[in-house]
Amino acid sequence: MSEDKLAGYKVYRNSVQQSGGHTLCMAQTDQGDRLLALGGNLGFEGEAFQHEGRPCLLAELSHHNAKRLRALLPFTAPRPGLSGTCSIGVGDRLGLATPGHLRAFRRHPGVFPVLAQQSIRELNLTGRTYEQVLDSASWAVFREGWTEGWGADGDHLKKYEEIQYALDCGFSMITLDCSEHIRNQAVNMTEAELEAAYTQDTELESLYADKTFALEGGDSLHFDRAELARCQLIYGEAINFMKEVHERFIRGRAVDFEISIDETSTPTTPAQHFFVANELTRAGVRFQSMAPRFCGEFQKGIDYIGNLDQFDAEMKQHAAIAQHFGYKVSVHSGSDKFSVFPSVGKNTHGVFHLKTAGTSWLEAVRLVAMKDPALYRRVHAFALSSYEAASDYYHVNGRPEQLPDITQMADQDLPALMDRDDARQVLHITYGLILTAKKADGGSLLRDELYRFWEQYNEEYAQLLDRHIGRHLDLLLAGKQMK
C-alpha cells in the first residue's frame, strides 16, 4: 500500500493505470476500497465529482464495474496459460486471498497462476457465484498491478450446464470431472470376468493387444488382452464423455481444458493413463493437462500419505506419458503435499499443474487464532460440532477426539493447532458450514464477524499466504533442478 494520494484519496500505488487519457486506480475510503477514475467515468457506475476542474468518479467494486474494468484493462481478465510452463491453481474460497497469493508468485517469475479456481461444490458450500469469484480476482489483480497473466478455472465440473455457466462468466479453464463415468468395478475383475464383460473391438485390439509402448527415460508399457479389456471397461464411457464435452464446449475456443480422472477409489495405473491419453489424442481432443489418481492418499490439508519411493517411480511414468502426448500432469488436492513436491518438480522437469485451495482458508483460520482467540474458540467449537456432517463431502481421516480441549489451552497456544493434522482436517472440511451457519433470527452466526476480522487484518493475511504458498513453490521448483 502507498501513502500517495489522488483526488484526496489514499491509493494503492501498484493499481495506478492509464487508459485513453484517464487515470484508473484503487483507493481506500471510509466505506472500503473503491475504484477511482480521473478524467471521466469510462462506463463505470459510481459517484461523479470534480477535482481541480477535472471530472472524476468514485465507484464500488461491483460486478458491472468489474466487467468494464476487464474490457478496459485486459490484464485484469483471465486468459489461458497452462501450455508449456509450470502453473499453480490457488483457490480463494473467501475472495480475499489473491493479494497474498500474488506476492508469492512475484518471487517465482515464470509460474502461471490460476487465481480464480472454484468447483460448484465450493460455490454451494460458501454461498458464492462464479461472477463473484471472477470479480474478486480481477479487483485484486488490478489493486496489485499484476500484468503477467492469470487464469480462472471452473474446477471439477460434471454437467453441461455447469461448464456453460463457467464459460459464460469468462473463465479461461475448464476442469472436467469424469468420476461419474468411470467404472471402478472393473479394477478387480478376474480375467474370466473381464472376458465376459468386454465387448470385442477389433480396432482397439489391433492398436493395443500384445503391444509395447516406449516412454521417455527408458520405461515402457505393455498391453495384453486382459489389460486392454480392463482399460476399456473402466474408462470407455468416460472417454466418450470427454469427447462429447470437447466437441460441445472446447473445440474452437481459447480455453484451457483439463481432464480429471482422479476422483476415484483406486489409483490410475500408468497403462490406464496411457490408454486414456492415446484414445483422446486419436479422437483429436485438445487438452492441456490431465489429473490421474496417484498411488497413496492426497487427503485435504495435510501431507502425502503413502510410500514415497513408489510415488516417485510412478510419477516418473505419469510424467513421461504426459510428455509423450504433449500435455502436463496435474496434481489435485496438492495443498501441503510437501514430501512429494520434489518428485513432482524433478520428474516433470518443472512442467506441471498443481491445485491448492483449502490451505489458504486454513491460513485465514490461523490468523484468527493469532489475533482473536475468543473468535477462534467459537469457530473451533462449531467446527467440532459440524465435522461429522461435513465428512459427507470429503475423504479425510481427521480424528476430532485426538484434539486437546481448547477450553484448557492458553490463548498463545491456539495458533499451533494449525500445525496438527487432525485440527487442519476438522477445520478444512467444515469451512462451508462455518461460513453459512445462521443464528435463530436468520443473521450470520460467524461469517460477517469473520469477514470484518479478515478485512481488518488483510495485510497480515497476505503475509501468511506469501510465506505458506511460497513454501509450496519453493519445494516444487527446487525439485525441477534435481536430476
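Residues numbered from 1 in each chain as written. Predicted model: local features only at pLDDT ≥ 70, side-chain atom pairs only at ≥ 80, totals over all residues. Heavy atoms only, no water.

Colleague: Before we move on, could you go through the overall build of the protein chain and cite the residues and values that matter?
Modeller: Of the regular secondary structure elements, the protein chain holds 17 helices and 17 strands. Expressed along its principal axes, the backbone C-alpha trace of the protein chain runs to roughly 80 × 60 × 45 Å. The burial tally for the protein chain puts 57% of its 483 residues in the buried class. In the form shown here, the protein chain has an accessible surface area of approximately 19,900 Å², with 46% of it arising from carbon and sulfur atoms. For the protein chain, the centre of its 50 positive side-chain charges and the centre of its 65 negative side-chain charges are spaced 4 Å apart. (Helix = DSSP H or I, 4+ residues; strand = E, 2+ residues; numbered from the N terminus. Buried < 20%, exposed > 50% of the residue type's maximum accessible area, 1.4 Å probe, protein only. Areas by Shrake-Rupley, 256 points an atom, 1.4 Å probe, with all protein chains shown as cover. Lys, Arg positive; Asp, Glu negative; His and termini not counted. Charge placed at Lys NZ, Arg CZ, Asp CG, Glu CD.)

Colleague: Pulling in residues and values, what's your account of the environment of T212?
Modeller: Tracing the backbone through its elements, the reader meets T212 in strand β12 (residues 211-214). Placed 161 residues apart in sequence, T212 and P373 show a C-alpha to C-alpha distance of 60 Å. Leave out the neighbours within four places in its chain, and T212 touches S220, L221 and H222. (Contact = heavy atoms within 4.5 Å.)

Colleague: I'd like a rundown of the pairing of strand β6 (residues 47-51), residues and numbers included.
Modeller: With 0 of its 5 residues buried, β6 lies for the most part at the surface. Across 5 bridges, β6 lies against strand β7 (residues 54-59) in antiparallel orientation. Among the inter-strand pairings, E47 is bridged to a residue of β7, identified as L58. (Pairing = 2+ DSSP bridges.)

Colleague: Run through the packing of aromatic side chains, naming residues and quoting values.
Modeller: Applying the stated criterion across every chain yields a total of 24 aromatic pairs. With a centroid separation of 5.9 Å and 40 degrees between ring planes, the pair formed by Y160 and F249 is classed as tilted. Within this pair, whereas Y160 is found in helix α5 (residues 160-169), its partner F249 is found in helix α8 (residues 225-250), the two being separated by 89 residues in sequence. Overall, Y160 belongs to the partly exposed group, its relative accessible area being 28%. Ring plane angle 50 degrees and centroid distance 6.2 Å describe the contact between F223 and F274, whose orientation is recorded as tilted. Taken together, the residues F223 in strand β13 (residues 220-223) and F274 in helix α9 (residues 270-282) connect sequence positions 51 residues apart. (Phe/Tyr/Trp six-rings, centres within 6.5 Å; stacked < 30°, edge-to-face > 60°.)

Colleague: Summarise the packing of α5 against α8; cite the residues concerned and give the values.
Modeller: With their axes 11 Å apart at the nearest point, α5 and α8 run at an angle of 35 degrees to one another. When the axes of α5 and α8 are compared, the crossing they make is right-handed. Contacts from Y160, I163, Q164 and L167 of α5 reach α8 at F241, E244, V245, R248 and F249. Per-class residue counts for the contact of α5 with α8 are 6 nonpolar, 1 polar and 2 charged. (Axes fitted to C-alpha atoms, helices over the stretch in contact; angles between N-to-C directions. Left-handed = near helix turned anticlockwise from the far one by under 90°. Nonpolar A, V, L, I, M, F, W, Y, C, P; charged D, E, K, R; others polar.)

Colleague: Help me get a handle on the packing of helix α12 (residues 358-371) against helix α16 (residues 447-456), residues and values and all.
Modeller: Two numbers describe how α12 lies on α16: the axes approach to 11 Å, and their chain directions differ by 85 degrees. As judged from the angle between their axes, α12 and α16 are roughly perpendicular. Packed against α12, whose contacting residues are W361, A364, L367, V368 and K371, the element α16 presents L450, F453 and W454 at the interface. By residue class, the composition of the contact of α12 with α16 is 7 nonpolar, no polar and 1 charged. (Parallel < 35°, antiparallel > 145°, perpendicular 65-115°, else oblique.)

Colleague: Residues and numbers for the sheet that holds strand β16 (residues 328-331), please.
Modeller: Spatially, β8-β9-β10-β11-β14-β15-β16-β17 is the arrangement adopted by the 8 strands of the closed barrel, whose pairing is parallel. This sheet shows a mean twist of 25 degrees between the axes of neighbouring strands, independent of strand direction.

Colleague: Could you give me a rundown of helix α11 (residues 341-348), with the residues and numbers involved?
Modeller: α11 sits mainly inside the fold: 6 of its 8 residues count as buried. Of the residues making up α11, those classed as buried are F341, S343, V344, G345, N347 and T348. Among the residues trailing α11, H349 stands out with phi positive, at a value near 55 degrees.

Colleague: Outline the layout of surface pockets, supporting the account with residue identities and numerical values.
Modeller: In this structure, the largest pocket occupies an estimated 1,000 Å³ of space. Lining the largest pocket are 32 residues, with D33, L61, G95, L96 and E455 sitting closest to its centre. For the lining of the largest pocket, the secondary-structure elements that each account for two or more residues are β4 (22-29), β5 (32-38), α2 (98-106), α4 (130-144), α16 and α17 (458-480). The leading source of residues in the lining of the largest pocket is α4, at 6 residues. Taken together, the residues that form the lining of the largest pocket break down as 14 nonpolar, 10 polar and 8 charged. (1 Å grid on protein atoms, 1.4 Å probe; cavity = no way out; pocket = protein on both sides within 12 Å on 5 of 7 lines; lining within 4 Å. Points joined across faces, edges and corners; volume = space filled by probe spheres on them.)

Colleague: Explain the pattern of salt bridges to me, and be specific about the residues and the numbers.
Modeller: Inspection of the entire model under this criterion finds 23 salt bridges. With its nearest N and O atoms 3.2 Å apart, the salt bridge here joins R366 to E363. Highlighted residues: R366 and E363, both in helix α12, separated by 3 residues, approximately one helical turn. For R366, a relative accessible area of 9% translates into the label buried. A single network of salt bridges, built from pairs that share partners, joins D153, D155, E258 and K355. (Salt bridge = Lys/Arg side-chain N within 4 Å of Asp/Glu carboxyl O.)

Colleague: Kindly report on the environment of E203, identifying the contributing residues and their values.
Modeller: When you line up the elements, E203 lands in helix α7 (residues 202-208). Since its relative accessible area comes to 47%, E203 is described here as partly exposed. Separated by 200 residues in sequence, E203 and L403 place their C-alpha atoms 57 Å apart.

Colleague: Tell me what's going on with the side chain of D466, and back it up with residues and numbers.
Modeller: In this structure, D466 sits in helix α17. Those residues in contact with D466 that lie beyond four places of it in its chain are G100, R103, A104 and R107.

Colleague: Describe the environment of E460, with residues and values.
Modeller: Position of E460 relative to the elements: it lies in helix α17. Here E460 falls in the partly exposed class, since its relative accessible area comes to 27%. For the pair E460 and N278, spaced 182 residues apart in the sequence, the C-alpha separation amounts to 47 Å. Apart from the residues within four sequence positions on either side, E460 is in contact with L367 and K371.

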